[in-house]
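Spelled out, the chains give:
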Amino acid sequence: MADLAVSTRGLRKTYRTRGRRIVAVESLDLDVPAGGVHAFLGPNGSGKTTTIRMLLGLVHADRGEMAVFGTPVPGRLPAVVGRIGAIVEAPKFFWHFSGRRNLELLAQAIGVDRHQVGVVLGDVGLADRADSEVRTYSLGMRQRLAIAATLLKDPDLLIFDEPTNGLDPAGIREVRSTMRGLADRGKTVLVSSHILAEVQQIADTLSIVARGRLVASGPVDELLSAGGAAPVRVGVADRDAASHLLRGQGWTVSDEGSDLVVTGATSLDVNRVLALAGMYAHELRTERADLEQVFLDLTQTDPTAPTGRRAR
């Protein structure tokens, strides 16, 4: 489809180890919309890295179809590889060279104008450290330098496999901000991760896999709301009376500090019921749904069931 950066259909990959056949990816249908950040989520061993390696032609699929911007891969990968930038393994640099010099050598090797080096260093926020030796960079800075290297060809699709592994909170924030900035400039960012809180902050769409199978996909907000209305936090003067009233509507009400938390209703429903009873909330806030709970609910169910949920 023209509006998809990546699509797979019926993708399968198995490995043989110690006389046993291990299924890494099974019947995977993956759709990554063009533009924005698409999170590819799953527990360790769920097939994320294997899928990315198949897309890039690094390992062969047993069966199935794959396409990048509508071009079948790996058969026609040379026709589209210039539109792809990827970080699949830990980046390797000359540690005693500056970040700028490392990128200049790479630009020369791939036939890119040296002027692009300064551009991509600015894109990832390393312009002020461009002439420092890479050995002085933090892990987060080295990861951003790796992202800069992928940008030299000005690709349309960026694929990052667990890009925040091993980073401290500051490094995670730096890389997260870089990925979000690239998407805001019109790039498609496909990022595999199991750091759910970080993904929730930057992803527009996501796919969740378990044991090599797709269990859910779609816009983040739709998946978060798929399980029902998010809890509503209510601050009201007479908590006991309000709690009794709201429970009478069939909603679940719990005490949390000085507030009530109502599950099973929208904030509009809660406000209407309270107002009709002459009670007025001084705080009324819908709690944001937790991607981690959605992830756990989906990945702990039987992934062989034929119900890969898609939010529309």
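Everything in this summary refers to the structure shown in the same document. Note that the structure is a prediction, hence the values are computed from the model and not measured.

Some remarks on the sheet that holds strand E4 (residues 63–68)
For step 1, the next point in the chain: Strands sit in the order E2-E1-E4-E5 across an open sheet of 4 strands; the sheet is antiparallel. Whereas interior strands pair on both sides, the edge strands pair on one side only; in this sheet they are strand E2 (20–33) and strand E5 (71–73). This sheet shows a mean twist of 30 degrees between the axes of neighbouring strands, independent of strand direction.
For step 2, the next point in the chain: Sheet analysis places E4 next to E5, joined by 3 bridges and oriented antiparallel. Of the residues in E5, the one forming a bridge with Val68 is Thr71.

Structural notes on helix H6 (residues 169–184)
For step 1, the next point in the chain: With 16 residues, H6 extends 22 Å between its outermost C-alpha atoms, agreeing within 8% with the 22 Å of an ideal straight helix rising 1.5 Å per residue.
For step 2, the next point in the chain: Along H6, the residues that are buried comprise Gly171, Ile172, Val175, Arg176, Thr178, Met179, Leu182 and Ala183. Buried positions in H6, seen along its axis, are confined to an arc of 160 degrees and lie on one side of it. Of the exposed residues in H6, those oriented more than 90 degrees away from the buried face are Pro169 and Asp184.
For step 3, the next point in the chain: The first or second residue beyond H6 is Gly186, which carries a positive phi of 105 degrees.

Some points on the sheet that holds strand E12 (residues 252–256)
In a beta sheet, neighbouring strands are held together by backbone hydrogen bonds and run either parallel or antiparallel to one another.
For step 1, the next point in the chain: Ordered in space as E12-E13-E11-E14, the 4 strands form an open sheet in which the pairing is antiparallel. With partners counted over all chains shown, the strands left at the sheet margins are E12 and strand E14 (283–286), one partner each. On average, adjacent strands in this sheet sit at an angle of 20 degrees to one another, irrespective of strand direction.
For step 2, the next point in the chain: For strand E11 (residues 232–235) and strand E13 (residues 259–263), the ladder comprises 3 bridges, and the chain directions are antiparallel. Across the sheet, Val232 pairs through a bridge with Val262, a residue of E13.
For step 3, the next point in the chain: The strands that helix H9 (residues 239–247) touches are E12 and E13; relative to E13, the one it contacts most, it runs at about 5 degrees.

Some details on the nonpolar core
For step 1, the next point in the chain: Counting residues in each nonpolar core, the largest one holds 45 residues, and the members touching the most others are Leu103, Leu145, Ile147, Phe160 and Val189.
For step 2, the next point in the chain: In terms of residue count, the dominant contributor to this core is helix H5 (residues 139–151) (7 residues).
For step 3, the next point in the chain: Excluding its chain neighbours within four sequence positions, the residues that come into contact with Leu145 are Phe93, Gly99, Leu103, Leu121, Leu126, Val134 and Tyr137.
For step 4, the next point in the chain: Judged by nonpolar contacts, the second largest core, of 27 residues, contains Ala5, Leu28, Val32 and Leu190.

Reading guide: rules and limits
Residues numbered from 1 in each chain as written. Predicted model: local features only at pLDDT ≥ 70, side-chain atom pairs only at ≥ 80, totals over all residues. Heavy atoms only, no water. Pairing = 2+ DSSP bridges. Helix = DSSP H or I, 4+ residues; strand = E, 2+ residues; numbered from the N terminus. Axes fitted to C-alpha atoms, helices over the stretch in contact; angles between N-to-C directions. Expected span 1.5 Å × (residues − 1). Buried < 20%, exposed > 50% of the residue type's maximum accessible area, 1.4 Å probe, protein only. Arc of directions from axis to C-beta. Contact = heavy atoms within 4.5 Å. Core = buried A, V, L, I, M, F, W, Y, C linked by side-chain atoms within 4.5 Å.

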